[in-house]
Amino acid sequence: MAKTNKDLKRIREDILNYIEPNIYNCYQCGKCTASCPMVDVFEYKPNQIIRLVLLDKIDRILDSNSIFLCLSCEICSSRCPQEVHIATIMNFIRNESWKIGEFKIKNIARFYNIFLRITAVFGRSFEPGLIMGMNVLSGKFFNDADAAVKILGKRKIKMLPEFIKGRKQVGKVIKKYL
Ligand code: SF4
Ligand code: SF4
């Protein structure tokens, strides 16, 4: 599925009207960018993302790596003197990219997919399943096998999954988004 002009318009309008109407208060001081731990690998820095939203260039944001690599650490939002919630904007655009099938970084998309499927079954994460799923889908079957042996040896993760009470309800919520 590819993004349409209607998608781009809706994403921008939702940000301006509901997600962060405060965005107009940004005066491009760059404090968010100076605080961001991922800035060296972002194609667009946090202050540039804000500018691109205001300039109606949502397509440029969706085509870049920034929203996919953002850690949601919220440092940018907490340091902004104008109380612009940049992390919320990043999260929102990333969620929208998932919905419209424009998720650019394949490994991150695979990770989300496997994580959600596992959580839908057990009601919580199951790390060995997540690791094996990632290795199979990426075609790197023995990726991080040495680290896995050490972690399992120290009993940091469990070999068998745990099922939680209410997992069916958790599954129902998750399946809406798969
Ligand atoms: S810190 Fe706030 S005001 Fe400064 S550039 Fe970032 S979003 Fe804009
Ligand atoms: S939430 Fe994202 S954009 Fe903001 S500081 Fe953290 S990594 Fe950077």
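**Student:** Now, about the overall build of the chain: what can you tell me, with residues and values included?
**Tutor:** When you go through the chain residue by residue, the secondary structure sums to 11 helices and zero strands. Listing each helix as α and each strand as β along the chain from the N terminus yields α-α-α-α-α-α-α-α-α-α-α. Its C-alpha atoms put the chain at 50 × 35 × 30 Å along the principal axes. Out of the 178 residues belonging to the chain, those deemed buried represent 20%.

**Student:** Report on the site of ligand 1, specifying residues and quantitative values.
**Tutor:** Neighbouring residues of ligand 1: 15 residues in total, closest Cys26, Cys29, Cys32, Asn47 and Cys80. Looking at the shell around ligand 1, the elements that each hand over two or more residues are helix 2 (31-35) and helix 3 (46-54). For the shell around ligand 1, the element with the highest residue contribution is helix 3, accounting for three residues. Residues of the shell around ligand 1, tallied by class, amount to 10 nonpolar, four polar and one charged.

**Student:** Provide a residue-level description of the site of ligand 2, including the pertinent values.
**Tutor:** Near ligand 2, the surroundings consist of 15 residues, among which Cys36, Cys70, Cys73, Cys76 and Ala87 are the closest. Among the elements of the structure, helix 6 (75-79) and helix 7 (86-99) are those that each provide at least two residues to the shell around ligand 2. In terms of residue count, the dominant contributor to the shell around ligand 2 is helix 7 (three residues). Residue classes in the shell around ligand 2 are distributed as 12 nonpolar, two polar and one charged.

**Student:** So what's going on with unusual backbone geometry? Which residues, and what values?
**Tutor:** A positive phi angle, close to 70°, is found at Glu74, a residue other than glycine. Tracing the sequence through the fold places Glu74 in the loop between helix 5 (66-69) and helix 6. Among the residues examined, Glu74 registers 14 C-beta atoms within 10 Å and is labelled partly exposed. Even without glycine at this site, Glu83 takes up a positive phi of about 55°.

**Student:** Break down the nonpolar core for me, with residues and values.
**Tutor:** Counting residues in hydrophobic clusters, the biggest one holds 23 residues, and the most contacted among them are Ile49, Ile61, Ile86, Ile89 and Met90. Mapped onto this core, the elements with two or more residues apiece are helix 1 (5-19), helix 3, helix 4 (58-62) and helix 7. The contacts of Ile89, once residues within four sequence positions are left out, are Ile15, Ile19, Glu20, Ile49 and Val53.

**Student:** Can you break down the packing of helix 1 against helix 7 residue by residue, with the values?
**Tutor:** For the pair helix 1 and helix 7, interaxial distance at closest approach is 11 Å and the crossing angle is 145°. For the element pair helix 1 and helix 7, the recorded crossing hand is right-handed. Counted together, Ile11, Ile15 and Ile19 of helix 1 and Thr88, Ile89, Phe92, Ile93 and Glu96 of helix 7 form the full contact between these two elements. Residues of the contact of helix 1 with helix 7, tallied by class, amount to six nonpolar, one polar and one charged.

**Student:** Any chance you could break down the domain arrangement of the chain for me, citing the residues and the numbers?
**Tutor:** How big an interface is tends to be expressed through the accessible area that disappears when the partners come together. Along its sequence, the chain is carved into domain 1 (5-100) and domain 2 (108-177). Distance between the C-alpha centres of domain 1 and domain 2: 29 Å.

**Student:** So what about the environment of Lys31? Which residues, and what values?
**Tutor:** Locating Lys31 in the fold gives a position in helix 2. Here Lys31 falls in the partly exposed class, since 15 other C-beta atoms lie within 10 Å of it. Remark: the alpha-carbon pair of Lys31 and Tyr112, spanning 81 residues in sequence, is separated by 30 Å. Not counting residues up to four positions away in its chain, the partners in contact with Lys31 are Arg79, Cys80 and Pro81.

**Student:** Give me the packing of helix 3 against helix 7: which residues, what numbers.
**Tutor:** Close contact between helix 3 and helix 7 brings their axes to 10 Å; oriented N to C, the two are set at 65°. Compared by their axis directions, helix 3 and helix 7 come out roughly perpendicular. You can see that helix 3 and helix 7 cross each other, and the crossing is left-handed. For the pair formed by helix 3 and helix 7, the contact residues are Pro46, Ile49, Ile50 and Val53 on the first element and Ile86, Ile89 and Met90 on the second. Among the residues making up the contact of helix 3 with helix 7, the classes are represented as seven nonpolar, no polar and no charged.

What counts, and where the lines are drawn
Residues numbered from 1 in each chain as written. Chains lettered and ligands numbered in written order. Predicted model: local features only at pLDDT ≥ 70, side-chain atom pairs only at ≥ 80, totals over all residues. Helix = DSSP H or I, 4+ residues; strand = E, 2+ residues; numbered from the N terminus. Buried ≥ 20, exposed ≤ 12 C-beta atoms within 10 Å, placed from the backbone. Near = placed C-beta within 6 Å. Nonpolar A, V, L, I, M, F, W, Y, C, P; charged D, E, K, R; others polar. Core = buried A, V, L, I, M, F, W, Y, C linked by C-beta atoms within 7 Å. Contact = placed C-beta atoms within 7 Å. Axes fitted to C-alpha atoms, helices over the stretch in contact; angles between N-to-C directions. Left-handed = near helix turned anticlockwise from the far one by under 90°. Domains from an automatic or database assignment. Parallel < 35°, antiparallel > 145°, perpendicular 65-115°, else oblique.

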